[in-house]
Amino acid sequence: MLSASRTIHPGTAGSTQRVPVAVHTADPILREGVLSQLRQRPEVDLEGETESGPGTVALLVEDVLDETGLTKLHELVRSKGARAVLVVRSLRETELLDVIECGASAVVWRHEATAHRLVRAVLAAAHGDGDLPADLVGRLMDHVGTLQRNTVGQHGSSSSVLTPREVDVLRLIAEGLDTSEIAGKLSYSERTIKKVLHGLTTRLHLRNRVHAVAYAMREGHI
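What counts and what doesn't
- Residues numbered from 1 in each chain as written.
- Predicted model: local features only at pLDDT ≥ 70, side-chain atom pairs only at ≥ 80, totals over all residues.
- Heavy atoms only, no water.
- Phe/Tyr/Trp six-rings, centres within 6.5 Å; stacked < 30°, edge-to-face > 60°.
- Lys NZ or Arg CZ within 6 Å of the ring centre and 35° of its normal.
- Helix = DSSP H or I, 4+ residues; strand = E, 2+ residues; numbered from the N terminus.
- Pairing = 2+ DSSP bridges.
- Axes fitted to C-alpha atoms, helices over the stretch in contact; angles between N-to-C directions.
- Contact = heavy atoms within 4.5 Å.
- Expected span 1.5 Å × (residues − 1).
- Polar contact = N/O pair within 3.5 Å; in protein donor to acceptor, adjacent residues only side chain to side chain.

Chemist: Requested: an account of the packing of aromatic side chains, with residues and values cited.
Modeler: Within the structure shown, the criterion is met by 0 aromatic pairs. When the ring centre of Y188 is taken as origin, the NZ or CZ atom of R165, which lies over that ring, is 5.3 Å away.

Encoded structure:
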């Protein structure tokens, strides 16, 4: 599953650089709650909302994702170039597809938003990885499977634009493996895996690994 089973260990070797994080929410109580969770964490460097941009992880906190929130998410990622983490109370499958299309790579449920969980999502986003709740991954796969079956029923076949190696890599990402684990499974170097991912996301104009996996699911490749 997509990073649901993957554990990122903040503060371990190789993670000495603090990640700039900007918290975005219209609710001052929510904002202070998230800031208090992150303020003492050595992995993050809290920034003001206006600092969101390339190299920054924008942490958008919403109760329910409405059109305003989705527009804000789109602005943070597409216009300002930030990496995005969405913290939300609930999310429908169709809304998740919208979130992925906007370019967010991590989602955290509000009731699970502990300091450790938030930092894990922030680090995943900063590294270009995906981090979705396990239950949401299952619902996404079911929903995308339905979309793909409907497409096949209408057109007779799904489009085939991914190479077998790309499909293998995306399938392992969907199972929660990181780059080094995928390299070991497929007997490639980590550099090759990164090259494969960069090539397919660039060619298909996909925002990140989560977007690539969702695309592959939607097209019936995995």
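Chemist: Account for the environment of R31, with residues named and values stated.
Modeler: Relative to the helices and strands, R31 is located in helix α1 (residues 28-38). Separated by 28 residues in the primary sequence, R31 and L59 place their C-alpha atoms 10.0 Å from one another.

Chemist: Explain the sheet that holds strand β1 (residues 19-24) to me, using residue names and the numbers behind them.
Modeler: The sheet built from 5 strands is open, its strands ordered β2-β1-β3-β4-β5 with parallel pairing. Single-partner strands in this sheet number two, and they are β2 (44-47) and β5 (106-109). Going across the sheet, the axis of each strand differs from the next one's by a mean of 25°, ignoring polarity. Strand contacts of helix α4 (residues 115-126): β1, β2, β3 (57-61), β4 (83-88) and β5, with the helix running at about 150° to β4, the strand carrying the most contacts.

Chemist: Can you lay out helix α2 (residues 67-79) for me, pointing to particular residues and giving the numbers?
Modeler: Its 13 residues give α2 an end-to-end C-alpha distance of 17 Å, which sits within 8% of 18 Å, the value for a rise of 1.5 Å per residue. The residue sitting at the N-terminus of α2 and contributing the capping side-chain oxygen is D66; that oxygen lies 3.2 Å from the backbone nitrogen of T68. Phi for G81, located one or two positions after α2, is positive at around 80°.

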